[in-house]
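Each chain, letter by letter, is given below.
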Amino acid sequence: MPEDDNFRLPEGFFERPLTGRELADFADCPHKFLLSHFVDRQQTRRFLGGPAALHHALRGAIVQFYREAATVDEAESKLLLLFEELWEGELCADTMEEQNLHKQGRQILTDFAASWVADNPTALHADLSLSGEVDGVNFAAVADLVLPAEADGGPLRVIRLNSSRRPPTEPELAHDISAGLLLLLAEEHLSPERVWVGYYCLRPGKLRQVEIAPEQVDYLRRDLSSRAARMRREKDFAPRKGKYCRWCRARSRCEIWKR
């Protein structure tokens, strides 16, 4: 890993699509955004610990279940089997956290099989990458699930899975840059079909819509392109302390926290 004063964005970085996470990281702290490119996926998940392990196993089990087109009758057993294959308890802080999160994960999937899968037995896509241009800038997002319309003429349902203890509310989603980007790209990528975008919050098992007022869509598009432009202009990527530092996956490399 390079010394702090030698960190540079990877060559060709702006030639590929930007993600909502990168935009959010940059808005929080330019240094966090820069350093995140020098922390690999395993290091990131190890730093985030048990919650990352839980989300990885839950999302992976659900995505794989729909990819394999398993039946409703075998949903619970299949989901639990996939969960066990993906569960990485060693990422937890201690044995107690590992046992608690493992138990929670199994219960979440048992409830998911009984409620969600029973009403949504099939998916058109699982782990679908979406990309497109917004005001001349290329962006990318991922839809965890794309479900068929509930009725003839209804919209396709684009779902992102969330396992946070404190899941986002609908008003928060309306102002979340990643959620807004997912909505814009889903509408563009799945055109001419109508789409409905939502976050399925596994805790406590509720679906929350990403809904942006028509008059706010133009603002969202300008905001996305403006953030990308600021990112391109940035030279120093100076660190900025905030409450997000506690969960920063690049904190161990940050000059502020090494003093």
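Our subject in this report is the structure included herewith. Counting restarts for each chain, with residues numbered from 1 along the sequence as it is written. A pLDDT threshold of at least 70 governs which residues receive local features in this predicted model, and a stricter bar of 80 or more applies before side-chain atom pairs are shown or counted, although totals over entire chains, interfaces and linings include all residues. Hydrogens and water are ignored here; the side-chain numbers use all heavy atoms of the structure.

## With respect to the overall build of the protein
- In DSSP terms, a helix is any run of H or I states spanning at least four residues, a strand is any run of E spanning at least two, and both are numbered starting from the N terminus. Of regular secondary structure, the protein possesses nine helices and six strands.
- Atoms considered for the radius of gyration are the C-alpha atoms alone. The globule rule reads 2.2 Å times the number of residues to the power 0.38. The C-alpha atoms of the protein give a radius of gyration of 19 Å, which matches the 18 Å a tight globule of 259 residues would have.
- Each principal axis of the C-alpha distribution contributes one length, and for the protein these read about 55 × 50 × 30 Å.
- For the exposure calls, accessible area comes from a 1.4 Å probe over protein chains only, and a residue counts as buried if that area is under 20% of its type's maximum, exposed if over 50%, partly exposed in between. Among the 259 residues that make up the protein, the fraction classed as buried is 44%.
- Two residues form a contact once any of their heavy atoms are found within 4.5 Å. Nonlocal contacts in the protein, meaning residues at least 24 apart in sequence, comprise 69% of its contacts between residues at least 6 apart.
- With the model as given, the accessible surface of the protein reaches about 14,100 Å², and the carbon-plus-sulfur share is 48%. Note on areas: these come from Shrake-Rupley sampling with a 1.4 Å probe, and a residue is covered only by the protein chains present in the view.

## Observations concerning the packing of helix α1 (residues 20–28) against helix α9 (residues 214–233)
- For helices, the fitted line uses only the C-alpha atoms of the stretch in contact; every axis is such a line through C-alpha atoms, and the angle between N-to-C directions lies from 0 to 180 degrees. Running from N to C, α1 and α9 point in directions that differ by 65°, and their axes come no closer than 10 Å. α1 and α9 meet at a crossing whose hand is left-handed. Together, Glu22, Leu23, Phe26 and Ala27 of α1 and Leu224, Arg227, Ala228, Arg230 and Met231 of α9 make up the contact between the two elements.
- Of the residues in the contact of α1 with α9, the class split is six nonpolar, no polar and three charged. With the far helix as reference, a near helix turned anticlockwise by less than a right angle produces a left-handed crossing, and one turned clockwise produces a right-handed crossing. Three classes are used, and their members are as follows: Ala, Val, Leu, Ile, Met, Phe, Trp, Tyr, Cys and Pro are nonpolar, Asp, Glu, Lys and Arg are charged, and the others, Gly among them, are polar.

## Structural notes on the pattern of salt bridges
- Here, a salt bridge means any Lys or Arg side-chain nitrogen found within 4 Å of an Asp or Glu carboxyl oxygen. Here the structure, examined in full by the defined rule, presents 12 salt bridges.
- The salt bridge involving Asp144 is made with Arg59; its shortest N-O contact spans 2.7 Å. Separated by 85 residues along the polypeptide, Asp144 in strand β3 (residues 137–147) and Arg59 in helix α4 (residues 50–67) bring together distant segments of the chain.
- One salt-bridge network, held together by shared partners, links Arg59, Arg67, Asp127 and Asp144.

## So, the packing of aromatic side chains
- Only Phe, Tyr and Trp rings are paired, with Trp represented by its six-membered ring, and only when their centres lie within 6.5 Å; those with planes under 30 degrees apart are stacked, over 60 edge-to-face, the remainder tilted. Under the counting rule described, the total for this entry stands at 10 aromatic pairs.
- For the ring pair Phe65 and Tyr66, a centre distance of 5.2 Å and an interplane angle of 85° mean the geometry is edge-to-face.
- According to the relative accessible area criterion, Tyr66 is buried, its value standing at 6%.
- A centroid spacing of 6.0 Å and a plane angle of 20° characterise the contact between Phe112 and Trp116, whose relative ring orientation is stacked. In this pair, Phe112 and Trp116 both sit in helix α6 (residues 95–119), four residues apart, roughly one turn of the helix. Summarising the burial analysis for this pair, Phe112 and Trp116 share the class buried.
- Put simply, the rings of Phe13, Phe14, Phe26, Phe33 and Phe237 pair up and form one aromatic cluster.

## Points about the environment of Glu170
- Relative to the assigned elements, Glu170 resides in helix α7 (residues 170–174).
- Look at Glu170 and you get partly exposed, because its relative accessible area is 39%.
- For the pair formed by Glu170 and Asp223, sequence separation is 53 residues and the distance between their alpha carbons is 20 Å.
- Leaving out residues up to four positions away in the same chain, Glu170 has contacts with Leu207, Arg208 and Gln209.

## Details of the side chain of Ser225
- Within the secondary structure layout, Ser225 lies in helix α9.
- Using a relative accessible area of 18% as the deciding quantity, one classes Ser225 as buried.

## Digging into α4
- Expected helix span is taken as 1.5 Å per residue step, with the number of steps being one fewer than the number of residues. Relative to the 26 Å expected for 18 residues at 1.5 Å per residue, α4 spans 26 Å between its end C-alpha atoms, a close match to the ideal helical length.
- In terms of residue burial, α4 counts as a mostly covered element, since 13 of its 18 residues are buried.

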